[in-house]
Amino acid sequence: MRKPTAPIPSPFQSSIAKQGQGKVVLSLLPPNNPTFTTLTYKYPLKLVPRNGNFIPTADPSDPSDTSPPRPVHLYLLTYGGGLLPGDHISVSITLEARTRMVVTTPQGSTKIFKTDPTNPDLTSPTVIKGHRDRMPTNLHQPDMSQQTLDVHIGPQAALCYLPDPSVPYRNSRYAQHQSFTIDASAKGPHRASLCVLDWVTQGRTSRGENWDFRFWRGRNEVWARDATGRSRLLLRDSVVLDDESERDLDSDDDSDSYEELDNAARNLHNGLVNRADRPSQTKAGLTPLNLIAERCAPHGVVGTLILSGPVFEALGAFLLQKFQSQPRIGSRNWSDQAPSSAPEPSVSCRGDVTWTAARVRAGFVLVKFGAKDFETAKDWLGGLIREEGSVVREFGEEALFCL
Amino acid sequence: MPSMLLNTDLEAEVTLLESRLQDARAQLAASEYPSPPSSYTVKEPYIKSKPQSPTIHTPLHALLLLSDSALPLGSFAYSSGLESYLAHNKPSRTSPITSFHRFLKLSIASIASTSLPYVLAGYRHPETLDTLDNDIDASTPCIVAQRASIAQGRALIGVWERAFRVSFAGPGSPVSSDAESAVAAIDDLSDALKSCLEEDDGLGPKGHFAPLWGVVCRAMGLDLQQTAYVFVMNHAKAVLSAAVRASVMGPYQAQNVLASQSLQDMITKRIAREWDTPVEEAGQIVPALDLWVGRHELLYSRIFNS
């Protein structure tokens, strides 16, 4: 007797069943024509392709007569321009061999709306229909906004992903997981290329927000998959900004023990034992910081840029060279002629960009930066990438839409 | 000679404090955590999984060896970003001590969030050591920190092979099944490190400190809580020692901080927080620290390697 099988799937049924999911496949049809062979998405996600007019100029020194394929532009949008609690955006992108894609976020920053415990949002799946109460928050935190990006990049293909930063509003929670898989067998000039920017700001500064969200996690991974299907982690960049309030609900001794240590330090130093000097300490212009703000201080935006592969090799080398030629910290001009008046500008990076660039393994160049605000970071990074020029040459000015 | 006198005084003080600390630890270990915090309940399987015969007492000897202030070997050469932090944060209103305490707090939180999950995973699953080694190498964004971690990890393999192995896993010494897999894992990694030619792209085995620490502690019979505690404690010791040599504070003050209840609480708290963190979710919780460590090589003058 035949076992009852699942109903035959309708050929018209969308392969995307769940909310917020999207799937994109970019293929290169002969002779040299990049085409979206798959492009589906479902509310609240929206994916808008745009075949730009930009045609990269063939490198005259390149011996191969094939000009690089046209980069294709994909806009990543969400309705309302942000993510509500419980929204889960999941996008899968496949770049087949030799294709090139630019992904940007034309709506500006990815706004992460707050998790309001008293007024549950009606679109949130945490609300059971007919119940006013929220479901208890479990470990999976269904009220968290999530975004998953899973990109497969074929040999000689290139992805340029320079989005706007995410702006987590007060009390919001957000987790983002971006994974990029490249072909381990492609070596040298056939490797896949990748340029990914991931940055987060302190929130809406106009509303006085200063790292006031509850949780933000950004995880970027690059995997190499070999012919047998086994994957190996090449790079993982993971930042967790957690106000650690979850645990404090049952034991709120967290800040106390830190306070005590600070106090112990102060007492040790000043010989003071009374705790009365605490308020004066805060009055002295030291605004008490929350946990996340303290860990990011003095920055208002922090971010990471990941570069890999032949297309971004020049940019990586340029950034490394720029980093290494920064003035030494604490150096002095010992010559007598030098005007001794101007002290070295403070490196405590007030109003400046603090950054570091390193060539880590597998040829990756990793740039980490912190800046006082979004504009500063944007001008700095956009300036560097434009100055070097290869991204604009290969992908067009549109690739720097967000910078 | 006054300095000699001072030195002997200090040594006496250090010995005293260390013995106190060790007493406290031994008590802690012996008491089998009578009132574990709620977050500790999950570790029960790890403690109780092997029915321990009452004759096996707490391996105090191994604990003392591993909590030696010389470990992690060569840590005196590294300040874990303290030197760069001091250069980037010239104290203006705050006292240098307050500024240092901020750093210590951030540094311990950061080492716990980035490395401790690998220590715990190394202890719990020694057979995955090569994967853990690869993954922590992929997850360390900064070459300065990477160099330090590899140097200390390889030094740990060295001291294990030349000094500890013969007593803890040598012929004639009983090896529990627990330790056996750990010993095998260290041997495998050590062989891989020796036989590895300079692989392309530098993707070969590295010998990072954190996962190795977990495996070596298991091979030497420590329990998981001790393994984690000594790991974070040794980090705190290294940072404080760097602070003394960077003239942030005097040696008495450093020992005072080391002995303080608040440091103990902080370490316990960070361990409890990361106890169940899978290595995939390990991450940097202090983004500014990556910047300071990475910019260490931009310092005009420096006394540490990191």
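For the structure, check the block above.
Residues numbered from 1 in each chain as written. Chains lettered and ligands numbered in written order. Predicted model: local features only at pLDDT ≥ 70, side-chain atom pairs only at ≥ 80, totals over all residues. Heavy atoms only, no water.

## Considerations on helix α5 (residues 96–114) of chain B
Compared with the 27 Å implied by 1.5 Å per residue over 19 residues, the 26 Å span of α5(B) between its first and last C-alpha is a close match. Here α5(B) lies mainly inside the structure; 17 of its 19 residues are buried. (Helix = DSSP H or I, 4+ residues; strand = E, 2+ residues; numbered from the N terminus. Expected span 1.5 Å × (residues − 1). Buried < 20%, exposed > 50% of the residue type's maximum accessible area, 1.4 Å probe, protein only.)

## Looking at unusual backbone geometry
Residue and element names in this part refer to chain A. Of note, the bond from Y43 into P44 is cis; its omega dihedral lies within 30 degrees of zero at 0°. Tracing the chain through its elements places P44 in the loop between β2 (33–41) and β3 (45–50). Between A297 and P298 the backbone carries a cis peptide bond, its omega angle lying at 5°. Here P298 lies in the loop between α4 (291–296) and β16 (301–308). Here the phi dihedral of N171 falls at roughly 65°; this positive angle occurs in a residue that is not glycine. Unlike most non-glycine residues, A362 shows phi in positive territory, near 55°. Its place among the elements puts A362 in the loop between β17 (353–359) and β18 (365–371). Residue classification places A362 among the buried residues on the basis of a relative accessible area of 8%.

## A word on the pattern of salt bridges
Charged atoms that come close allow side chains of opposite charge to pair. Following the criterion strictly, the structure yields 23 salt bridges over all chains and no others. Note that R217(A) is salt-bridged to E281(B), the shortest N-O span being 3.6 Å. Here R217(A), found in strand β14 (residues 215–225), pairs with E281(B), found in the loop between α13 (261–274) and α14 (287–294), and the two come from separate chains. Residue classification places R217(A) among the buried positions, given a relative accessible area of 16%. In this structure, the salt-bridge partner of D290(B) is K368(A), at a minimum N-O distance of 3.8 Å. One end of the pair, D290(B), is in helix α14; the other, K368(A), is in strand β18, on a second chain. Taking relative accessible area as the criterion, D290(B) reaches 9% and is therefore assigned buried. It is possible to trace a salt-bridge network through shared partners that takes in D242(A), E244(A), R295(A), R270(B) and R273(B). (Salt bridge = Lys/Arg side-chain N within 4 Å of Asp/Glu carboxyl O.)

## Description of the sheet that holds β2(A)
Residue and element names in this part refer to chain A. Spatially, the seven strands line up as an open sheet ordered β2-β1-β6-β9-β12-β14-β15, and their pairing is mixed. Both outer strands of the open sheet, β2 and β15 (231–242), are each paired with one neighbouring strand and no more. Direction aside, the axes of adjacent strands within the sheet are offset by 10° on average. Judged from the eleven bridges that link them, strand β12 (residues 173–183) and β14 form a sheet pairing that is parallel. (Pairing = 2+ DSSP bridges. Axes fitted to C-alpha atoms, helices over the stretch in contact; angles between N-to-C directions.)

## Here's the deal with the interface of chain B and chain A
Interface size is often expressed as the accessible area that is lost when the parts come together. Contacts between the two partners involve 56 residues from chain B and, on the opposite side, 56 residues from chain A. Both faces considered, chain B and chain A share a buried interface measuring about 5,300 Å² in area, 55% of it formed by carbon and sulfur atoms. On the chain B side of the interface with chain A, the three residues burying the most area are R273(B), L298(B) and Y300(B), jointly 13% of the side's total. A salt bridge links R273(B) to D242(A), with the nearest nitrogen and oxygen atoms 2.8 Å apart. Every element with two or more residues in the side of chain B that touches chain A is listed here: α4 (82–88), α5, α7 (129–139), α8 (143–168), α12 (251–259), α13 and α14 of chain B. (Contact = heavy atoms within 4.5 Å. Buried area = accessible area lost by both parts, 1.4 Å probe.)

## Topic: the nonpolar core
Residues and elements named next belong to chain B. F100, L116, W160, W213 and F231 are the most contacted members of the largest nonpolar core, which totals 84 residues. Looking at this core element by element, the count peaks at twelve residues for helix α11 (residues 224–245). Ignoring sequence-local partners within four residues, the contact set of L116 consists of I111, A228, F231, V232, R270, I271 and E274. (Core = buried A, V, L, I, M, F, W, Y, C linked by side-chain atoms within 4.5 Å.)

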